Amino acid sequence: MSAALFAALSLAMSGACAAISWKHPARIARATCGDARELARSLRAVPGEARLAELARRSPPESWEHRLSVAVMTAADPRAKIAAANELLAEVEQRLDVGAGWPPAAARLSALGALLLATLSFLARGGPSVIALVLGVGAAGAIASAAAGRAGRAAAARQREAIDALVAAALVDEAALDGVARAPSASSRRARRKHP
């Protein structure tokens, strides 16, 4: 195999790993229709009994926020309202978690693939510059994938906090909704361990 082929394979593999990894933060950003925290802030200016209807009006019909407001408004009784809200919170939590394993896996694949290609290049008597290029490209792909993983975790934490704020603002007059789950942020998980 030629040196150019090893370099091209390393570049293609690392580029693909980085591209797949950066889809995760982008997917998290699309879990809600926009800035849920800003929407929660604006809902607080609306009377409590009108907040769900206002949330339904302000959010696109196919959005998670719209579905939450409609599901809670149309539920028959307090237990059904709790169930509807919890079901939609579980759905958005699953959206935030889907693909979280891709960035670390892509980082490992990029690094190990570069090592394999560098070894094959060495065995094929590729020069030191080719081996260095293959390893450098693999390291860049691993670093980009790891950065995507960190960005995804940070974006998911921000989304969870924003969703909690939105649910608290929208369901303020639903006194029976005390059993509604919260998006499990790290701080709320710690609080639950301290106060069972």
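Residues numbered from 1 in each chain as written. Predicted model: local features only at pLDDT ≥ 70, side-chain atom pairs only at ≥ 80, totals over all residues. Heavy atoms only, no water.

The next point concerns the overall build of the protein chain. A count of helical and extended segments in the protein chain gives 8 helices and 0 strands. Start at the N end of the protein chain and walk to the C end: the helices and strands fall as α-α-α-α-α-α-α-α. Taken over 196 residues, the protein chain has a buried fraction of 41%. A separation of at least 24 residues holds for 75% of the contacts in the protein chain among residues at least 6 apart in sequence. Summed over its atoms, the accessible surface of the protein chain is roughly 10600 Å², and 64% of this surface lies on carbon and sulfur atoms. (Helix = DSSP H or I, 4+ residues; strand = E, 2+ residues; numbered from the N terminus. Buried < 20%, exposed > 50% of the residue type's maximum accessible area, 1.4 Å probe, protein only. Contact = heavy atoms within 4.5 Å. Areas by Shrake-Rupley, 256 points an atom, 1.4 Å probe, with all protein chains shown as cover.)

The next subject is a nonpolar patch on the surface. On the surface, Leu116, Leu120, Phe122 and Leu123 cluster together to form a nonpolar patch covering roughly 440 Å² of accessible area. Position of Leu120 among the secondary structure elements: in helix H6 (residues 102-123). For Leu120, a relative accessible area of 35% gives the class partly exposed. (Patch = residues over 30% accessible without salt bridge, like charges linked within 9 Å, V, L, I, M, F, W, Y side chains within 5 Å. Salt bridge = Lys/Arg side-chain N within 4 Å of Asp/Glu carboxyl O.)

Residue-level pLDDT values for the protein chain average 85, and 87% of them are 70 or greater. For the protein chain, the element scoring lowest by mean pLDDT is helix H8 (residues 186-194), at 40; H6 scores highest, at 94. When the criterion is pLDDT under 50, residues 185-196 qualifies, and its contacts beyond four places in sequence or with other chains add up to 5 contacts. (pLDDT = per-residue confidence, 0-100.)

End to end, helix H5 (residues 78-97) covers 29 Å across 20 residues, agreeing with the expected 28 Å (1.5 Å per residue, within 8%). Buried within H5 we find Lys81, Ile82, Ala84, Ala85, Leu88, Leu89, Val92, Glu93 and Leu96. Where H5 is buried, its residues meet helix H1 (3-29), helix H4 (64-74) and helix H7 (128-170). Where H5 begins, the capping side chain belongs to Asp77, and its oxygen is found 3.1 Å from the backbone nitrogen of Arg79. (Expected span 1.5 Å × (residues − 1). Polar contact = N/O pair within 3.5 Å; in protein donor to acceptor, adjacent residues only side chain to side chain.)

What follows covers the packing of H1 against H7. For the pair H1 and H7, interaxial distance at closest approach is 8 Å and the crossing angle is 5 degrees. Taken together, the axes of H1 and H7 are roughly parallel relative to one another. For the contact of H1 with H7, a count of residues per class yields 20 nonpolar, 9 polar and no charged. (Axes fitted to C-alpha atoms, helices over the stretch in contact; angles between N-to-C directions. Parallel < 35°, antiparallel > 145°, perpendicular 65-115°, else oblique. Nonpolar A, V, L, I, M, F, W, Y, C, P; charged D, E, K, R; others polar.)

For the rest of this paragraph, the subject is the environment of Met13. Checked against the element boundaries, Met13 lands in helix H1. For the pair Met13 and Gly141, spaced 128 residues apart in the sequence, the C-alpha separation amounts to 8.2 Å. Those residues in contact with Met13, other than ones at most four positions away along the chain, are Leu109, Ser110, Gly113, Ala114 and Leu117.

Two elements in contact, helix H2 (residues 36-43) and helix H3 (residues 51-58), have axes separated by 10 Å at closest approach and are oriented at 135 degrees. Viewed along their axes, H2 and H3 adopt a mutual orientation that is oblique. Helix-helix and strand crossings are classified by hand; for H2 and H3 the assignment is right-handed. Only Arg51, Glu54, Leu55 and Arg58 of H3 make contact with H2, whose side of the interface consists of Leu39, Ser42 and Leu43. (Left-handed = near helix turned anticlockwise from the far one by under 90°.)

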